[in-house]
Every structure is written in C-alpha cells, then in structure tokens.
Amino acid sequence: MPDIRPDLTKITLDSWDLEVFRQNELRVDILRLDKIHSEISGNKWFKLKYFLEKANHNNKRTLISFGGAYSNHLLALAATARLHGLSSIGMIRGEQPLLLSHTLIAAKEYGMKLIFLPRTLFDQNKRSDLSDNWVEKYTDLKVETIRDSMLIPEGGAGIEGLRGAEEILSLVPQREYSHICLAVGTGTTLAGLVNSSHPDLKLIGISILKGTRDLEPIDISWLKDRFKIANVQMVHDYHFGGYAKYNASLTGSMNTTYAESGIPTDFVYTGKLLFAVISMADMKLFPLGSRILVLHTGGLQGNRSLTPGLLGF
Ligand SMILES: *Cc1c(COP(=O)(O)O)cnc(C)c1O
C-alpha cells in the first residue's frame, strides 16, 4: 500500500507531438495531473481538497461516499482519509461480488469499510443526504457513526469539489491556450475550469458516458458566468459503448500513444480522451493554429482490472 502523500510538484506540462497535429498546425500540451499520486491522482486530489477541509472544520472523523466497483473517486477518498487519520466508508453500487475489483481491494487496504447496496436502492437515494432511518434500514452502520460523518456526493460532485477543480488552471499559463480538452464524468471538473478560465478559452468535454447529450452532464447552475456556456462543447461520440466499456480499437490506440509519446492512459477516461483528440485533429475540427491543452486526469490504477497483457505499459 503506497502511503506517500500526494505531491503537486510532480505534475508536468509536456508537449504532445504527433504528425497529425503538425499537419493541422496544432500545438498540443498535456498536463500530467496523473503524476500527483498513484491513487489520489488527477482531478480527484483537487475535488477532495475542500471536502477534507470541511470535515476537519466540522470535526467529522469519517468520510462517506458512493461509487461503483471501479471508482477512482472512492479509492482516492480511502487513501486521503487514511493519510489524514480519518475513517472512510464506501457505499458500492451493486451486490457484493465473489471477487472484489482491484480498486475495491486497494480501497479496503486503506481501511475503507465497504457497504454494498442493490442497484435500485443505490440509484434511488440522493447520494448526498442519507436519513438516519435510511441508514439504519439498509446498512449495519450505527446512527452515531452517521452523525460523526461527512457525506461526499458520488464522484465528489459537490460545491467543494467544484471549488477544488477551479484551482487546476492556476498550474498552467492558460492565456497561451485556445482550447482545453478533458474527459467528463460528472462534469464537476469541467464546470470548475469554466469558472476559472479566461473568457476566450474553448472547453471541450469528452463524455465517457453513453446517452449524454447537449451539455449533459454539466450542472449549468454551477457556472458563475453563464455567458461562458458558449465556450463549452460536449462531445458524445467517444464513449466506446459506455462507462468502462472498451474495445480493441481503444486499447490499440492507448498502446500506440504510449509507444509513440510515452503517455500512459486509463481505459475509462483518459484513453478515450486522447483517442478523441487525435480523431478530432484528423477530422480538422480544430482551427489551424489552435493551441490545445489536454488534461490528463489520472485514473491509471483502473487498468489493473484489464486482462494482463492487453496493455503494453
Ligand atoms: C473522475 C474522473 C474524471 C471525471 O471527472 P468529473 O469531474 O466527474 O467530470 C476524469 N478522469 C479521470 C481519470 C477520473 O478519475
């Protein structure tokens, strides 16, 4: 169990140079937030930062949140709680499987208590507001534990998560860029970027969920300057069948990107993002001369659930 602290000085801003970018006069950089920590990686560190502060402030000793079996968020939460001497509880969507995912095994090693909830039950609750009755009825938690806990919405999708995400762009000379591309799950990170970006910066979110459309899943009420909505574009064509779905074309592209550029990606988020950026450059969807910043939001630990040998890194 790597018990080292997240380290922001490890973040690098690298240029990502491909023939297809040069042909289209694009200059592309990639912000390697994945380097912060093996498990509290990428945007998750930023999204948890202010929840942690709030827990300390309110003297809450336990952090509770929600997620699926491959949740980067829950693992980051478990590791963060451990580093700060707090307890953590993960409410997991679905019945307990015979074999736990690597993500959940790692979360457990960090001391997270796992509570499995049937899908309908999981999907019904608001995930940010559990009544004592609900908890008593469906879990073995004591009411005192709940009172002593802070609930963090699934994926860190709350105002505190948004505030943390608003700090990401302070790491880069954002005026040098015309576009930022990132993978989108709950949309919290993207909303934070919108709130902290200069007025002409175009933000392109690649949805990794199936069935999203228009500006989904962004919560528009989180955007401080509503006029900036015009700068936001959500792209829905690169989910590869939906959350955590993949095929040989995706893993092939991830292997090629690693071999050509030395950039490791995960199959749930960043693999799809980098695939999308290459594909959109190839389709000439970026104006000539664009300066593009790609956010590597981490999540590499998720690759441990793939068949060994599928990825060459
Ligand atoms: C959680 C996650 C995202 C999505 O972030 P949102 O703020 O929920 O949109 C993107 N990339 C990685 C690697 C993640 O773990």
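See the structure printed just above.
Novice: Got a minute to help me understand the overall build of the protein chain in this structure?
Specialist: Assigned secondary structure in the protein chain consists of 11 helices and 10 strands. For 313 residues, the compact-globule formula gives about 20 Å, and the C-alpha radius of gyration of the protein chain, at 19 Å, lands near that figure. Projecting the C-alpha coordinates of the protein chain onto the three principal axes gives extents of approximately 60 × 45 × 35 Å. Restricting to contacts in the protein chain with at least 6 residues of sequence separation, those with at least 24 account for 73%. When the accessible surface of the protein chain is summed, it comes to about 13900 Å², and 50% of that surface belongs to carbon and sulfur atoms. With 35 positive and 33 negative side-chain charges, the protein chain shows a spacing of 3 Å between the two charge centroids.

Novice: Would you mind going over the nonpolar core with me for this structure?
Specialist: A general tendency of soluble globular proteins is for nonpolar side chains to be buried together. Of all hydrophobic cores here, the largest spans 33 residues; its most connected members are Trp16, Phe21, Ile206, Leu273, Met280, Phe286 and Val294. Per-element tally for this core: the top contributor is helix H11 (residues 270–282), with six residues. Filtering out sequence-adjacent residues up to four positions away, Phe286 remains in contact with Leu26, His179, Cys181, Ile204, Val277, Met280, Ala281 and Ile292.

Novice: What is the right way to look at the pairing of strand S8 (residues 202–207) in this model?
Specialist: A regular strand places its side chains so that they alternate between the two faces of the sheet. Judged by how many residues are buried, S8 sits mostly within the fold: five of six residues are covered. The sheet contact formed by strand S7 (residues 179–184) and S8 spans six bridges and is parallel. In the sheet register, Leu182 faces S8, and the bridge partner there is Gly205. Both S8 and strand S9 (residues 232–235) contribute to a ladder of four bridges, which runs parallel. In the strand pairing of S9, Ile206 is matched with Val235.

Novice: How should the environment of Leu13 be read in this particular structure?
Specialist: Tracing the backbone through its elements, the reader meets Leu13 in strand S1 (residues 13–15). It is 33 Å that separates the C-alpha atoms of Leu13 and Gly90, two residues lying 77 residues apart in sequence. Not counting residues within four places of it along the chain, the set of residues in contact with Leu13 comprises Asp29, Ile30, Leu31, Val172, Pro173, Tyr177 and Leu293.

Novice: Would you take a moment to explain the site of the ligand for this structure?
Specialist: Not every one of the 15 residues close to the ligand is listed here, only the nearest: Lys44, Lys47, Thr186, Thr189 and Thr297. Lys47 has a polar side-chain atom sitting 2.8 Å from an oxygen atom of the ligand. Measuring from an oxygen atom of the ligand, one finds a backbone N or O atom of Gly185 at 2.8 Å. The fraction of the free accessible surface of the ligand (390 Å²) that becomes covered by protein chains is 98%. Only helix H2 (43–57), S7 and helix H9 (188–196) provide two or more residues apiece to the shell around the ligand. Broken down by element, the shell around the ligand gets its largest block of residues, three residues, from H2. Along the lines of polarity and charge, the residues of the shell around the ligand split into three nonpolar, 10 polar and two charged. The residues that make up the shell around the ligand include at least three from each of domain 1 (8–39 + 163–305) and domain 2 (44–156).

Analysis parameters
Residues numbered from 1 in each chain as written. Predicted model: local features only at pLDDT ≥ 70, side-chain atom pairs only at ≥ 80, totals over all residues. Heavy atoms only, no water. Helix = DSSP H or I, 4+ residues; strand = E, 2+ residues; numbered from the N terminus. Rg over C-alpha atoms; globule rule 2.2 N^0.38 Å. Contact = heavy atoms within 4.5 Å. Areas by Shrake-Rupley, 256 points an atom, 1.4 Å probe, with all protein chains shown as cover. Lys, Arg positive; Asp, Glu negative; His and termini not counted. Charge placed at Lys NZ, Arg CZ, Asp CG, Glu CD. Core = buried A, V, L, I, M, F, W, Y, C linked by side-chain atoms within 4.5 Å. Buried < 20%, exposed > 50% of the residue type's maximum accessible area, 1.4 Å probe, protein only. Pairing = 2+ DSSP bridges. Near = heavy atom within 4 Å. Polar contact = N/O pair within 3.5 Å; in protein donor to acceptor, adjacent residues only side chain to side chain. Nonpolar A, V, L, I, M, F, W, Y, C, P; charged D, E, K, R; others polar. Domains from an automatic or database assignment.

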